[in-house]
Amino acid sequence: MSEKITGAEALIKSLIAEGVDRVFGYPGGAIIPVYDKLYDYTEELKHILVRHEQGATHAAQGYARVSGRTGVVVVTSGPAATNVITGLSDALMDSTPMVVITGQVASSFLGSDAFQETDVVGITQPITKWAYQIRKAEDIPWAVARAFYIANSGRPGPVVLDLAKDAQVGTLDWSYKKCDFIRSYIPYPEIDENDVQTVADLINAAERPMIISGHGVMISGAEKELAALAEKADIPVAATLLGLSTMPSDHKLYRGMLGMHGNIGPNVNTNRCDLLVAIGMRFDDRVTGDTSKYARQAKIVHIDIDSSEFDKNIKTTATVHGDAKEVLIKLLPLIKETKHTEWLKTFDECDAVEYEKVVKREVFPESGPMNMGEVVHKVSKATEDKAVLITDVGQNQMFSSRYFRYTLPKSIITSGGLGTMGFGLPAAIGTKMGAPERTVCFFTGDGGLQMTIQELGTILEYGVAVKIILLNNNFLGNVRQWQELFFRSRFSQTPMINPDFVQIAQAYGIASENVETREQLDAAIERMVSHDGAYLLNVNIDPTDMIFPMTPAGAAVDDIMLTPTEKYKLD
């Protein structure tokens, strides 16, 4: 005989059946029955009480991206549901598996403008893989199983379940069956062998090939296959922002990051290569620049699990629709061993220019105020290049992405597509919970930190040992840079009067200190890294510090600024 339970308990038991060990959330009136039942399951399901619902979504994202598991969020109705919108948008753009459960007024009140009623499904459908309203208790196990299957299969993404209050208090006969099939939803397409052969022929014939490694490589766990392909065919590899750490920084074939603030070699050679092999990326405008001037001389191969990305932004020569790991496994035996020695030397030449014109100034300054690049470099070195990098958005994001070094996979968590300021602090919390054995270094600016600074309370409550490096220039630095370069130094609403961040951190029980001079930096970093718990370094940064190289918005990818007044000279 089946067990009779409430919908609230069915939700909890369904989450446990899916292997969920923790949820990030915030209680409220329309979700109280679930929280009441959660009280009986604290051993099986840990709840992390964040300080704002947006923080719950970003924490779930960090947890999901470092662990590969689905992040789970539970919040109430109305304003709580609207507070998760940013996180849902961010998760969709960055292909992060997440299930968000929102409370909702009872079914009989729907459409009556009841207290804290919001059309959650209508709002979230455009920014989720699936959004569904549950009005009956007996539908809960089915909906949860379907939600987890959709969220973490194929190209991952967020799902919303809007749970009416009467469904929470109603009863059902308990049973649970995991979902592994939905008609018309094909998350893992059958790979066309002819397409794979076409790509192999193009690679074998290429004289100047280049691989772009995107987030899809990380999601599919294809790091070893990527390295094997590059090594067999002697192909240089460049990474998108979210593709960083898919190949170790010190690998001889890894040639740096692409994009607006990427390395010179990959950007310039995008317009010199004869074959571009894009794996698990979407040709974002920050990577391509002016699409009419992007890799016009090259044949372009696109490997992706989402066929809607094919030819969306960049016209391709050949495509392979499938999971990156599975495609590379099929491709490798068809690839001939070869060498591209002269082609690889062109990257070295670009690196030499970048070191002289940019890196020496940013990472190894001889005097003057501290730069962001040197701080990032020293922190990475102090962690033996094994930490997980979390960034906020802005100059701190670009500097840390460029100068942090990666030796392990899944070593960067950042907001790529949406560029969400405030993402970093809660994401760092979730990341540390998803990978407690790893050091988590969170780089932020004074603007982004204050957008979700209340999550210091979550660190206090749960003792989350994240290392916070605040690159404090008393400006909204990235906007300031654009204002200086393109808006005649009219610094409209970018200077900031900031609080004492050290005192704020200490009020939350977080060890912290100010770093005012270069001479103090090394010892402060050592204290932070060796400290067992959370730590905040407030590092005073030159407010005029700017991130270069830079490809201006709308310019060709090889139209690269080295300083405000000097451009890279093309051959």
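A brief structural summary.

Parameters and conventions
Residues numbered from 1 in each chain as written. Predicted model: local features only at pLDDT ≥ 70, side-chain atom pairs only at ≥ 80, totals over all residues. Heavy atoms only, no water. Helix = DSSP H or I, 4+ residues; strand = E, 2+ residues; numbered from the N terminus. Rg over C-alpha atoms; globule rule 2.2 N^0.38 Å. Buried < 20%, exposed > 50% of the residue type's maximum accessible area, 1.4 Å probe, protein only. Contact = heavy atoms within 4.5 Å. Lys, Arg positive; Asp, Glu negative; His and termini not counted. Charge placed at Lys NZ, Arg CZ, Asp CG, Glu CD. Expected span 1.5 Å × (residues − 1). Core = buried A, V, L, I, M, F, W, Y, C linked by side-chain atoms within 4.5 Å. Pairing = 2+ DSSP bridges. Axes fitted to C-alpha atoms, helices over the stretch in contact; angles between N-to-C directions. Parallel < 35°, antiparallel > 145°, perpendicular 65-115°, else oblique. Left-handed = near helix turned anticlockwise from the far one by under 90°. Nonpolar A, V, L, I, M, F, W, Y, C, P; charged D, E, K, R; others polar. Salt bridge = Lys/Arg side-chain N within 4 Å of Asp/Glu carboxyl O. Arc of directions from axis to C-beta. Polar contact = N/O pair within 3.5 Å; in protein donor to acceptor, adjacent residues only side chain to side chain. Phe/Tyr/Trp six-rings, centres within 6.5 Å; stacked < 30°, edge-to-face > 60°. Lys NZ or Arg CZ within 6 Å of the ring centre and 35° of its normal.

Examining the overall build of the chain
Scanning the chain from terminus to terminus reveals 23 helices and 20 strands. For 571 residues, the compact-globule estimate of 2.2 N^0.38 gives 25 Å, and the C-alpha radius of gyration of the chain, at 24 Å, lies within 12% of that figure. Looking at the 571 residues of the chain, the share that counts as buried comes to 60%. Considering only residue pairs separated by 6 or more positions, the chain has 76% of its internal contacts joining residues 24 or more positions apart. Side chains of the chain carry 54 positive and 72 negative charges; the gap between the two charge centres is 3 Å.

A few points about helix 3 (residues 53–67)
Taking 1.5 Å of rise per residue, 15 residues should cover 21 Å, and helix 3 covers 21 Å from first to last C-alpha, within 8% of that figure. By the criterion of burial, helix 3 is predominantly enclosed, with 14 of the 15 residues buried.

Points about the nonpolar core
Soluble globular proteins: nonpolar side chains tend toward being buried together. Counting residues in each nonpolar core, the largest one holds 81 residues, and the members touching the most others are Ile203 and Phe443. Look past the residues within four positions of isoleucine 203 in its chain and what remains in contact with it is Leu229, Ala233, Ile235, Leu275, Val277, Leu331 and Ile335.

Remarks on the sheet that holds strand 4 (residues 71–75)
The strand order 3-2-4-5-7-6 describes an open sheet built from six strands, whose pairing is parallel. In this open sheet, the two edge strands, each paired with only one partner strand, are strand 3 (46–49) and strand 6 (130–134). Between one strand axis and the next, the sheet turns by 20° as a mean value, whatever way the strands run. In the sheet, strand 2 (residues 22–25) pairs with strand 4 via two bridges, with the strands oriented parallel. Across the sheet, residue phenylalanine 24 finds its bridge partner in strand 4, namely valine 73.

Considering the packing of helix 1 (residues 7–17) against helix 7 (residues 140–151)
In a pair of packed helices, the angle between the axes and the distance between the axes together describe the arrangement. One way to put it is that helix 1 packs onto helix 7 with a least axis distance of 9 Å and a crossing angle of 30°. Taken together, the axes of helix 1 and helix 7 are roughly parallel relative to one another. Handedness of the helix 1/helix 7 crossing: right-handed. Contact residues: helix 1 offers Gly7, Ala10, Leu11, Ser14 and Leu15, while helix 7 offers Ile140, Pro141, Val144 and Phe148. Class assignment of the residues belonging to the contact of helix 1 with helix 7 gives a composition of seven nonpolar, two polar and no charged.

Looking at the packing of helix 15 (residues 341–363) against helix 17 (residues 395–403)
Interhelical geometry of helix 15 versus helix 17 gives an angle of 115° and a closest axis separation of 12 Å. Classified by the angle their axes make, helix 15 and helix 17 are roughly perpendicular. The two elements helix 15 and helix 17 cross, and the hand of that crossing is left-handed. Residues Glu354, Val358, Val359, Glu362 and Val363 of helix 15 pack against Phe399, Arg402 and Tyr403 of helix 17.

Digging into the sheet that holds strand 10 (residues 237–239)
Across the sheet, six strands lie side by side as 11-10-9-12-13-14; this open sheet has parallel pairing. Whereas interior strands pair on both sides, the edge strands pair on one side only; in this sheet they are strand 11 (254–257) and strand 14 (318–321). Going across the sheet, the axis of each strand differs from the next one's by a mean of 20°, ignoring polarity. Across the sheet, helix 9 (residues 193–205) lies against strand 12 (275–279), strand 13 (299–304) and strand 14, angled at about 135° from strand 14, the strand it touches most.

Here we look at the pattern of salt bridges
Pairing between side chains becomes possible if they bear opposite charge and their charged atoms approach one another. Under the criterion given, the structure shown has 25 salt bridges. In this structure, arginine 155 and aspartate 306 form a salt bridge, with 2.7 Å as the shortest nitrogen-oxygen distance. Taken together, the residues span a long stretch of sequence, with arginine 155 in the loop between helix 7 and strand 7 (158–164) and aspartate 306 in the loop between strand 13 and strand 14 at a distance of 151 residues. Here arginine 155 falls in the partly exposed class, since its relative accessible area comes to 24%. We note a salt bridge from glutamate 513 to arginine 527, for which the minimum N-O separation is 2.8 Å. On the criterion of sequence distance, the pair formed by glutamate 513 in strand 19 (residues 511–515) and arginine 527 in helix 23 (residues 518–530) is long-range, its members being 14 residues apart.

Considering helix 14 (residues 324–331)
Every buried residue of helix 14 is listed here: Ala324, Val327, Leu328 and Leu331. Looking straight down helix 14, one finds its buried side chains confined to an arc of 95°; they lie on one side. Buried positions along helix 14 lie against helix 9, helix 10 (215–220), helix 11 (223–233), strand 12, strand 13 and strand 14. Capping of helix 14 at its N-terminal end is provided by aspartate 323; its side-chain oxygen lies 3.2 Å from the backbone amide nitrogen of lysine 325.

Here's the deal with the packing of aromatic side chains
Applying the stated criterion across every chain, the model contains 14 aromatic pairs. Measuring from ring centre to ring centre gives 5.4 Å for tyrosine 132 and tryptophan 142, while their planes differ by 70°; the resulting arrangement is edge-to-face. With a gap of 10 residues between them, tyrosine 132 in strand 6 and tryptophan 142 in helix 7 connect regions that are remote in the sequence. Grouped by ring-pair contacts, the aromatic residues Trp130, Tyr132 and Trp142 constitute a single cluster. The lysine or arginine in question, arginine 146, covers the ring of tryptophan 130, its NZ or CZ lying 5.1 Å from the ring centre. The lysine or arginine in question, arginine 480, covers the ring of phenylalanine 475, its NZ or CZ lying 5.0 Å from the ring centre.

Nothing here speaks to function; it is all geometry.
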